[in-house]
Amino acid sequence: MRRDGGFTLVETLVVVGIMMIMTATLIAYTRSSGKQIVLYTEQAKLIGILNRAKSLALQRENAEAFCAYGVRFTGSNSYEIVRVPNVKTEDAPYAPCDETQAESYGETYVISDPVVIVNAPGQITFEGPYIKLMETPAPIEVILNVKGSSPVMEAKVVVGGAGSIATN
C-alpha cells in the first residue's frame, strides 16, 4: 500500500487532544494570574495610600489644627484618609492627640472586586513630626484576600510601630 503523504486520522486526533489539554491549562493559568494581578495591584494601592497619610502627617502645614493623619478601614472593600484635630484646652495649647476624634480628609478608596480586606485594625494613624503609630507600638497587619479562590490567595501589608510599611 502506498502513502501519498499527509496524516492519518489517529495522528490528527492525538495532536488535537494535546492542543485541547494545553489550551485548558493556559485558560486556567490565565484566570488565576488575573486574580493575582488584581490582588497585588490593590496591595500596592493600599501601601501608596498609607504613605500618603504618613506624608500628610510629616508636612505639618496645618499643625495648629491637626496633629495626625491616617487611614480608616470602613468595611471589607473600602478605606479613607482621616485627620485627627488638635483639641485645645485651658491648661495647655494642645491636648494629646485623640484618634477617636478622627474626621474624614475627603479621600475614599474602593477595592476592586474580587479582593476584600479580611483583617483590618479599624484605623492606622501616623502622628508627626516624628512618624510613629498612635495607640500601639506593635506592628499592625492588614490582610487582603481574593474571595472564592482556591487555593487561598492573600497579600499582607505590615505597618511597624515606627511607621515603616512593608509587605509580607
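As a reminder, the structure under discussion sits directly above these lines.
S.K.: Report on unusual backbone geometry, specifying residues and quantitative values.
M.R.: A cis amide bond, omega 15°, links Asp-113 with the succeeding residue Pro-114. Here Pro-114 shows up in the loop between strand E3 (103-110) and strand E4 (115-119).

S.K.: Tell me about helix H1 (residues 9-59), residues and numbers included.
M.R.: For H1, built from 51 residues, the straight-helix expectation of 75 Å at 1.5 Å per residue is met to within 8% by its first-to-last C-alpha distance of 74 Å. Along H1, the residues that are buried comprise Ser-33, Leu-39, Glu-42, Gln-43, Leu-46, Ile-47, Ile-49, Leu-50, Ala-53, Lys-54, Leu-56 and Ala-57.

S.K.: Please give an account of the nonpolar core that cites residues and values.
M.R.: Leu-50, Phe-73, Tyr-79, Ile-124 and Phe-126 are the most contacted members of the largest nonpolar core, which has 30 residues in total. If you list the elements that add at least two residues to this core, you get H1, strand E1 (66-73), strand E2 (78-85), E4, strand E5 (123-127), strand E7 (140-146) and strand E8 (154-159). Among the elements that make up this core, the one with the highest residue count is H1 (8 residues). Core analysis: the next-biggest nonpolar cluster, separate from the first, contains 6 residues, Ala-68, Val-82, Val-84 and Cys-97 among them.

S.K.: Tell me about the environment of Thr-41, and name the residues and values.
M.R.: Here Thr-41 lies in helix H1. Of the polar contacts made by the side chain of Thr-41, one reaches the backbone oxygen of Ile-37; its length is 2.7 Å.

S.K.: So, the sheet that holds E4: which residues are in play, and what are the values?
M.R.: An order of E4-E7-E8-E9 is seen for the 4 strands of this open sheet, with the pairing classed as antiparallel. Each edge of the open sheet carries a strand with a single partner, namely E4 and strand E9 (165-167). For this sheet, the mean angle separating the axes of adjacent strands, direction not counted, is 25°. Pairing geometry for E4 and E7, over 4 bridges, is antiparallel. Bridging from a neighbouring strand, Asn-119 pairs with Ile-143 of E7. Along the sheet, H1 contacts E4, E7, E8 and E9; its crossing angle with E8, the most-contacted strand, is approximately 15°.

S.K.: A description of the pairing of E5 should follow, citing residues and the corresponding values.
M.R.: Here E5 lies mainly inside the structure; 4 of its 5 residues are buried. Across 5 bridges, E1 lies against E5 in antiparallel orientation. Looking at the pairing, Gly-70 lines up with Thr-125 of E5.

The rules behind these values
Residues numbered from 1 in each chain as written. Predicted model: local features only at pLDDT ≥ 70, side-chain atom pairs only at ≥ 80, totals over all residues. Heavy atoms only, no water. Helix = DSSP H or I, 4+ residues; strand = E, 2+ residues; numbered from the N terminus. Expected span 1.5 Å × (residues − 1). Buried < 20%, exposed > 50% of the residue type's maximum accessible area, 1.4 Å probe, protein only. Core = buried A, V, L, I, M, F, W, Y, C linked by side-chain atoms within 4.5 Å. Polar contact = N/O pair within 3.5 Å; in protein donor to acceptor, adjacent residues only side chain to side chain. Pairing = 2+ DSSP bridges. Axes fitted to C-alpha atoms, helices over the stretch in contact; angles between N-to-C directions. Contact = heavy atoms within 4.5 Å.

These figures come from the coordinates and say nothing about function on their own.
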